[in-house]
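The residues making up each chain are set out below.
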Amino acid sequence: MEPEGHSVKTGILEGVRVLDLSRMLSGPYATMLLADHGAEVIKIESAEGDSSRRSGPFKEDDAKKDWSGYFISLNRNKKSICLNLKKKEDVNFLKKLIENVDVLVENFRPDVMKRLGLSFEEVSKINPRIVYGSISGFGTEIFGDSPYKNWPSYDVVAQAMGGLISLTGYDENKPLKVGPGIADIFSGSLLSFGILASILKSRATGKSQFVEVAMYDAIVSLCERAIYQYDFNGVIPKPEGNGHPLLAPFGIYNAKDGFIAIGIVENSYWNVLKKIINSDELNSDLKYGTIALRAKNRDELNKQINIWTKRFSKKELGVLLGAKVPFGPVNSVKELFEDEHVSNRNMILKIEQPFGKGKSWKIAGNPVKFKGFDSFNLTPPILGEHKNFYASKLEPNGSNQEKNFFQPQKQDYRCKVIFTNRANKDFEFYANSFTWLNSKETYIICGISKNEFKPHKNFLKSVNFYFQKVTQEKDEHKENIEFLNTKLSNKGISEVSLIDTESEVLISTNIIP
């Protein structure tokens with residue numbers, strides 16, 4: 001399935017197909033990272049659309065308020081299908097899509113997908129090799145039962161419960177939320193990593209994989225310094241303002257026309273900075289000569305640095321400190337638009353508007369770059385724009401049968417056989433040889449050396465057969481191979497014959513259309 005208007009550019013994730021049931025920020029950010037790099041992301045929306053479509057802001061020339069900045073930023077390069085998952089026919093349509101995707105992503109509360117009949121277990125029956133990615137506030141009982149599992153959660157809740165807000169601001173009595181939706185964005189970034197790791201495993205084993213990120217967990221991970229501080233020192237970390245509890249000078253300082261950041265860790269950088277400032281007070285090694293001394297005397301040190309920096313403009317400080325010590329100006333968004341670094345590295349994307357000829361929106365770019373591969377900046381989808389396209393590509397019952405006749409040959413493919421025992425432990429073997437037997441039914445027969453495998457059928461539960469191309473060249477039979485691997489997944493041991501010969505164990509099973 002490749003929708004019309006697909007760019008001729010090549011992304012590193014070309015060939016990965018993602019079904020995106022998520023909405024708002026966390027899940028859409030995860031799938032945005034994938035779509036930017038060539039994954040085919042199919043967004044499933046209700047008739048009203050993702051809530052972010054209505055969240056604003058809107059351009060003045062968007063009279064109907066169809067194009068929210070929130071939605072555009074997170075959903076470029078995606079496709080859109082409208083479904084009502086309370087209707088049986090729409091659920092069936094979704095299940096047909098599930099058969100032909102690599103990944104499903106959702107960020108509902110843990111019980112919602114189960115109520116819809118779309119839990120990981122149910123979806124794995126439809127597509128035994130799928131990667132199922134989930135973001136929620138507190139996760140599922142699979143990885144540990146949370147007392148908050150039924151609580152709804154958004155970014156500010158995760159920031160609060162995960163400890164981030166307790167560390168932010170100047171005063172513990174006046175807590176501050178971090179400006180951007182960091183709990184959503186960090187959780188989405190982590191899920192994107194989890195999805196790619198799971199794809200590798202799924203393709204190696206032929207088995208489905210569940211991966212989840214709880215937003216609470218993500219923020220605890222983000223606050224890693226506070227965790228070890230409390231354990232090592234027995235002190236509850238508090239807000240540090242613009243400073244650092246263990247380092248100085250390390251923080252935000254005044255300039256004539258704004259603020260700048262300085263971050264000194266190594267003594268080598270401290271020696272460079274104090275030489276530039278050239279102050280008798282700062283030259284005292286007895287007071288500031290080591291990391292520990294600078295941390296101990298950080299209040300006085302930061303005052304001295306501030307006295308010096310506020311004599312200069314941000315530009316002047318750039319000349320004095322830039323490329324000499326870790327330094328940077330505190331930029332407004334306007335200054336980001338004017339910064340040569342941002343423009344040269346394509347960190348503000350232009351997205352063509354579907355109305356107002358020649359006009360474009362500007363949104364934040366993707367920071368992950370791959371040499372030799374492009375990223376994309378295609379217009380986000382109109383609500384439900386691609387329903388007819390995908391409906392036309394869904395094969396009616398029985399039309400898959402023709403793929404049964406594709407039989408990979410050993411000069412081009414190798415076959416991995418994965419046995420699962422009754423304790424759910426996997427044993428993987430590459431077949432020395434394989435052949436096809438065509439009669440009333442089609443059979444695959446694989447041979448494994450007896451030096452590697454001793455058959456004990458009573459201890460085995462299931463077998464997976466998994467074909468993969470021998471070379472790294474693009475596989476023109478990719479869909480046929482995926483279909484074949486699906487048909488050969490999770491074969492019960494009663495469906496498999498094990499024949500003991502002089503040198504090999506022959507493993508055979510039929511392929512049911």
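None of the values given here were measured: they were computed from a predicted structure. (Residues numbered from 1 in each chain as written. Predicted model: local features only at pLDDT ≥ 70, side-chain atom pairs only at ≥ 80, totals over all residues. Heavy atoms only, no water.)

Remarks on the sheet that holds strand β13 (residues 426-430)
Okay, step 1: The antiparallel open sheet is built from four strands, whose spatial order is β13-β12-β16-β17. The open sheet has two free edges, formed respectively by β13 and β17 (491-492), since each of these has just one partner strand.
Okay, step 2: Summarising the sheet, strand β16 (residues 460-469) and β17 pair through two bridges and their orientation is antiparallel. Its bridge partner being in β17, S462 is matched across the sheet by G492. (Pairing = 2+ DSSP bridges. Helix = DSSP H or I, 4+ residues; strand = E, 2+ residues; numbered from the N terminus.)

Some points on the pairing of β16
Okay, step 1: β16 sits mainly inside the fold: eight of its 10 residues count as buried.
Okay, step 2: Pairing between strand β12 (residues 413-421) and β16: nine bridges, direction antiparallel. Within β16, the position partnered with I418 by the bridge is N464. (Buried < 20%, exposed > 50% of the residue type's maximum accessible area, 1.4 Å probe, protein only.)

Topic: the pattern of salt bridges
Okay, step 1: In total, this model carries 21 salt bridges according to the counting rule given.
Okay, step 2: In this structure, D500 engages K450 in a salt bridge whose closest nitrogen and oxygen atoms are separated by 3.0 Å. Highlighted residues: D500 in strand β18 (residues 497-500) and K450 in the loop between β15 (442-449) and β16, separated in sequence by 50 residues. (Salt bridge = Lys/Arg side-chain N within 4 Å of Asp/Glu carboxyl O.)

What about the packing of helix α10 (residues 267-277) against helix α13 (residues 298-309)?
Okay, step 1: Axis separation between α10 and α13 bottoms out at 11 Å; the angle between their running directions is 50°. Classified by the angle between their axes, α10 and α13 sit oblique to one another. Along this stretch, α10 crosses α13, giving a crossing that reads as left-handed. Two secondary-structure elements touch here, α10 through W270, L273, I276 and I277 and α13 through L301, I305 and W308. (Axes fitted to C-alpha atoms, helices over the stretch in contact; angles between N-to-C directions. Parallel < 35°, antiparallel > 145°, perpendicular 65-115°, else oblique. Left-handed = near helix turned anticlockwise from the far one by under 90°. Contact = heavy atoms within 4.5 Å.)

Some details on the environment of F71
Okay, step 1: Of note, F71 is situated in helix α2 (residues 69-75).
Okay, step 2: Exposure remark for F71: the relative accessible area of 0% places this residue in the buried category.
Okay, step 3: A sequence separation of 309 residues divides F71 from P380, and the C-alpha atoms of the two residues are 8.1 Å apart.
Okay, step 4: Beyond its immediate sequence surroundings of up to four residues, F71 is in contact with K43, E45, D50, S52, R53, P380 and P381.

Looking at the pairing of strand β4 (residues 103-106)
Okay, step 1: Neither face of β4 is exposed, since V103 and V105 on one face and L104 and E106 on the opposite face are all buried.
Okay, step 2: With three bridges connecting them, strand β1 (residues 17-20) and β4 associate as parallel partners. Counted as the bridge partner of D20 is V105 from β4.
Okay, step 3: Sheet analysis places β4 next to strand β5 (residues 131-136), joined by four bridges and oriented parallel. Within the sheet, the bridge partner assigned to L104 lies in β5 and is Y132.

Considerations on α10
In an α-helix, one turn spans 3.6 residues, which is why side chains three or four residues apart end up on the same side.
Okay, step 1: Buried residues of α10: W270, L273, K274 and I277, and no others. Considered in projection along α10, the buried side chains sweep an arc of 95° and stay on one side of the axis.
Okay, step 2: Among the structural elements, β8 (258-263), α11 (285-288), α12 (291-296), α13 and α14 (314-321) are those in contact with the buried residues of α10.
Okay, step 3: Once α10 ends, the next one or two residues include N278, with phi positive near 55°. (Arc of directions from axis to C-beta.)

Focus on a nonpolar patch on the surface
Okay, step 1: Side chains of I12, V368, F370 and F373 sit close together on the surface and give an oily, nonpolar patch of about 310 Å² of accessible area.
Okay, step 2: Relative to the helices and strands, V368 resides in the loop between β11 (360-364) and α17 (387-393). (Patch = residues over 30% accessible without salt bridge, like charges linked within 9 Å, V, L, I, M, F, W, Y side chains within 5 Å. Areas by Shrake-Rupley, 256 points an atom, 1.4 Å probe, with all protein chains shown as cover.)

Considering the side chain of S462
Okay, step 1: Relative to the elements of secondary structure, S462 occurs in strand β16.
Okay, step 2: The contact partners of S462, leaving out residues within four places of it in the chain, are I418, F419, T420, K491, G492 and I493.

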